[in-house]
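Spelled out from the first residue to the last, the chains are:
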Amino acid sequence: MNHLIACPIFREELDAVLPSKADLTIHYLDPLVHNDALKMLQELEAATSSIKNGKVRLLVGRECFCEVSISGFADSINAKVIDEKNCIEAILGIARTEELQKDRTTIHTRGWMEMICKLFQDDPLSGDSVRIMLGHFDKIVLLDYGIKSFSDEEILSYFDLLQVPIEIEVVQLNYFGGVLSKLLK
């Protein structure tokens, strides 16, 4: 049995790319790992401690915010981790990510949008910190895979929340499929 410990940001992407009969147990981390390095470590430890046999794979950016190095953690439990430093690079690749991030642009996915909206709902003070952090950017690019397009209401609501102009970029999940295939080998 193979075990995939995944950042919740990848839920939509995994649903789109994974074969329906994949011999894989998926454990999604809590979305709040993105704001708390200790929580990231605790979530990784909790997820891996329940696994008794099988291969462990981490679908978490190599440089994601954690109390310890993600690569070091993976090595310590004999797990495999992706080469990409974050979820956006895992979806788009380094070159496409860098191209889209020019001129003070940040890239979000539906997963990021949902996590940020939940954060504002659950903890307005942390939400305000996110708004301040995103204030550095001139634009947000939302990735659309053609699976579930963003409604005008969702986009306007997200803009109202973050106060940063939003553009939609239609992309394919081919690069992500390759990342996942390599990880699961």
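S.K.: What's the story with the nonpolar core in this structure? I'm lost.
M.R.: Considering soluble globular proteins, one finds that nonpolar side chains tend to be buried as a cluster. With 43 residues, the main nonpolar core has F10, L14, L59, I116, L143, Y158 and L162 as its most contacted residues. Breaking this core down by element, the ones donating at least two residues are strand 1 (2-6), strand 2 (24-28), helix 4 (87-92), helix 6 (110-122), helix 7 (124-134), strand 6 (139-144), helix 8 (152-162) and helix 9 (174-184). Other than its neighbours up to four places away in sequence, F10 contacts L59, C87, A90, I91 and F176. Of all hydrophobic cores here, the second largest spans 17 residues; its members include I5, V33, C66 and A79.

S.K.: Help me understand helix 8 in this model?
M.R.: Within an α-helix, residues lying three or four positions from one another point in the same direction, as the helix has 3.6 residues per turn. Here helix 8 has its buried residues at I155, Y158, L161 and L162. Taken end-on, helix 8 shows its buried residues confined to a sector of 125°, consistent with a single buried face. Across helix 8 from its buried face, at more than 90 degrees, point the exposed residues D152, E153 and L156. Q163 lies just past helix 8 and shows a positive phi near 60°.

S.K.: Can you walk me through the pattern of salt bridges in this structure?
M.R.: In a structure, side chains of opposite charge can pair up when their charged atoms sit close to one another. By the definition in use, this model includes 10 salt bridges. For D83, the salt bridge identified is with R62, shortest N-O distance 3.5 Å. Of this pair, D83 sits in the loop between strand 4 (80-81) and helix 4 while R62 sits in the loop between strand 3 (55-59) and helix 3 (70-76), and the two are 21 residues apart along the sequence. Judged by its relative accessible area of 45%, D83 falls in the partly exposed class. The partner of E89 in a salt bridge is K85, and the shortest N-O contact between them spans 3.9 Å. Given the relative accessible area of 35%, K85 is considered partly exposed.

S.K.: Could you clarify how one ought to interpret helix 6 in this entry?
M.R.: For helix 6, with 13 residues, the first-to-last C-alpha span of 18 Å sits near the 18 Å given by 1.5 Å per residue. Turning to helix 6, its buried residues number three or more, namely R110, G111, M113, M115, I116, L119 and F120.

S.K.: What is the right way to look at the packing of aromatic side chains in this model?
M.R.: Any two aromatic rings considered together are summarised by their centre-to-centre distance and by the angle between their planes. Counted according to the given criterion, the structure contains one aromatic pair. Each ring, one from F10 and one from F176, has its centre 5.4 Å from the other, and the planes form 15°; the classification is stacked. One end of the pair, F10, is in the loop between strand 1 and helix 1 (11-17); the other, F176, is in helix 9, with 166 residues separating them in the sequence. Judged by its relative accessible area of 0%, F10 is buried.

S.K.: Explanation requested: the pairing of strand 3 in the structure shown.
M.R.: The side chains of a regular strand alternate, residue by residue, between the two faces of the sheet. Burial runs high along strand 3: four of the five residues are buried. Two elements, strand 3 and strand 4, share two bridges in a ladder whose sense is parallel. Considered in strand 4, the bridge of R57 is made with K80. As a crossover connection, the stretch from strand 3 through helix 3 into strand 4 is right-handed.

S.K.: What is the right way to look at the environment of D144 in this model?
M.R.: Within the secondary structure, D144 is located in strand 6. Owing to a relative accessible area of 9%, D144 belongs among the buried residues under this scheme. For D144 and Q172, which are 28 residues apart along the polypeptide, the C-alpha to C-alpha distance reads 8.3 Å. Sequence-distant contacts of D144, that is, excluding residues within four places in its chain, are made with S149, F150, I168, E169, V170 and V171.

Thresholds applied
Residues numbered from 1 in each chain as written. Predicted model: local features only at pLDDT ≥ 70, side-chain atom pairs only at ≥ 80, totals over all residues. Heavy atoms only, no water. Core = buried A, V, L, I, M, F, W, Y, C linked by side-chain atoms within 4.5 Å. Buried < 20%, exposed > 50% of the residue type's maximum accessible area, 1.4 Å probe, protein only. Helix = DSSP H or I, 4+ residues; strand = E, 2+ residues; numbered from the N terminus. Contact = heavy atoms within 4.5 Å. Arc of directions from axis to C-beta. Salt bridge = Lys/Arg side-chain N within 4 Å of Asp/Glu carboxyl O. Expected span 1.5 Å × (residues − 1). Phe/Tyr/Trp six-rings, centres within 6.5 Å; stacked < 30°, edge-to-face > 60°. Pairing = 2+ DSSP bridges. Right-handed = clockwise from strand over helix to strand, strands pointing away.

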